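What the coordinates show
Spelled out, the chains give:
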Amino acid sequence: MKITIDLGGTNMRVGLIDGAKLVDCIVEPCPAKEPEEVVLSQLKRQIAQLMRPDVTGIGIGVPSVVDYRQGIVYNVANIPAWKEVHLKDIMEKEFGVPVAVNNDANCFALGVWRYGEGQGTSDMVGLTMGTGIGSGIIIGGKLYNGVNTGAGEIGSLPFKDADYEFYCSSRFFSQLHGDTGANFGKRAKAGDAESLAVWQEFGQNVGELVKAILFTYAPEAIIIGGGIASAFPLFEAPMRQSLESFPYPANVAATRIAPSSLPNAAMLGAGLL
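Described in the following lines is the structure provided in the data block. What you see is a predicted model; the values in this text were computed from it and never measured.

A count of helical and extended segments in the protein gives 10 helices and 15 strands. For a compact globule of 273 residues, the expected C-alpha radius of gyration is about 19 Å, and the protein comes in at 19 Å, within 12% of that figure. Along the longest, intermediate and shortest principal axes, the C-alpha atoms of the protein span 55 × 40 × 30 Å. The buried share of the protein, reckoned over its 273 residues, is 51%. In the protein, of all internal contacts separated by at least 6 residues, the share reaching a separation of at least 24 is 65%. Taken as a whole, the protein presents about 11,900 Å² of accessible surface, with 52% of it coming from carbon and sulfur. One finds the centroid of the 21 positive side-chain charges in the protein at a distance of 4 Å from the centroid of its 28 negative side-chain charges.

Given below as structure tokens:
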């Protein structure tokens, strides 16, 4: 048994897993605006509720850059007080079991690679699309971290007048078109022409993002997670249309691009750390 944590600025999800099975889970709002110790105290309390004698370790995914060897997290997204938190040392001292910490997108990639749509691949990119863009890179059957888990920050690459994150996340809908992706999705499914055109544009942008991944990593699979993954049918066709201009069509044909249907992928991946 392991305890796994998916830490976000909105919710703190703490689970107990046995292999690929989520045995129990506690989800509570994150006191993101509170001081560092308040957030830590809640996390400790949630872990303590699930701790049992047969727990062999704790895996934690956080939306930040991470010194994964020492388990230090820096500048956690949407938790302003967490500038530098020695999370591994704190939790090992508190609970007496090994603790591993990594970036949340890396945890997602590990989860879908081992248990989801990435199974059987040696080289894979896990792409999370929601309020931002994250990615985890599997090379040769191993997670590639880079310095402070900084590898794979493809969303920060320049694109148009901003970056891929702006044009391929929920910001595209809210900041560029004035409504949520969920609302555009509902209207598009009802046949609204304007909403369908917005998703057409979005899919073309995602196609350009996929090209950047193909040029950089040439993976066997690109597996998409996050809140926007469920809308894959709305943007898949324009995405693939955009890929028709990629100069190496054999690479496009060899790369499986699919949304993830694996529940709790990031938590399962955190258990593999």
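This part covers the environment of Ser230. Of note, Ser230 is situated in the loop between β14 (221-225) and α8 (232-243). Look at Ser230 and you get exposed, because its relative accessible area is 61%. Measuring from C-alpha to C-alpha, the distance between Ser230 and Pro259 comes to 7.3 Å, with 29 residues separating the pair along the chain.

A separate point is unusual backbone geometry. Among all residues save glycine, negative phi is the norm, and among peptide bonds the norm is trans. One non-glycine residue, Asn78, lies in the positive phi region at around 70°. Relative to the elements of secondary structure, Asn78 occurs in the loop between β6 (72-74) and β7 (84-86). Using a relative accessible area of 56% as the deciding quantity, one classes Asn78 as exposed. Positive phi values are uncommon outside glycine, yet Thr149 reaches one of about 50°. Inspection of the secondary structure puts Thr149 in the loop between β11 (142-144) and β12 (158-159). With relative accessibility at 1%, the residue Thr149 sits in the buried group.

Quick notes on the rules
- Counting starts from 1 at the beginning of each chain's written sequence and moves along it residue by residue.
- For a predicted model such as this one, the threshold for reporting local features is a pLDDT of at least 70, and the threshold for listing and counting side-chain atom pairs is 80 or more; totals across whole chains, interfaces and linings nevertheless cover every residue.
- With hydrogens and water excluded, all non-hydrogen atoms of the structure serve as input to the side-chain values.
- Under the DSSP-based scheme used, a helix requires at least four consecutive residues in state H or I and a strand at least two consecutive residues in state E, with every element numbered from the N terminus.
- We compute the radius of gyration over the C-alpha atoms and compare it with the globule rule, which gives 2.2 Å times the number of residues raised to the power 0.38.
- Residue burial is assigned from relative accessible area. The probe radius is 1.4 Å, only protein chains are included, and a residue is buried under 20% of its type maximum, exposed over 50%, and partly exposed in between.
- Here, two residues are considered to be in contact whenever any of their heavy atoms come within 4.5 Å of each other.
- For every accessible area listed, the method is Shrake-Rupley and the probe measures 1.4 Å; residues are considered covered only by the protein chains on display.
- Neither His nor the chain termini are counted; the positive set is Lys and Arg, and the negative set is Asp and Glu.
- Where a charge sits is defined by one atom per residue type, namely NZ (Lys), CZ (Arg), CG (Asp) or CD (Glu).

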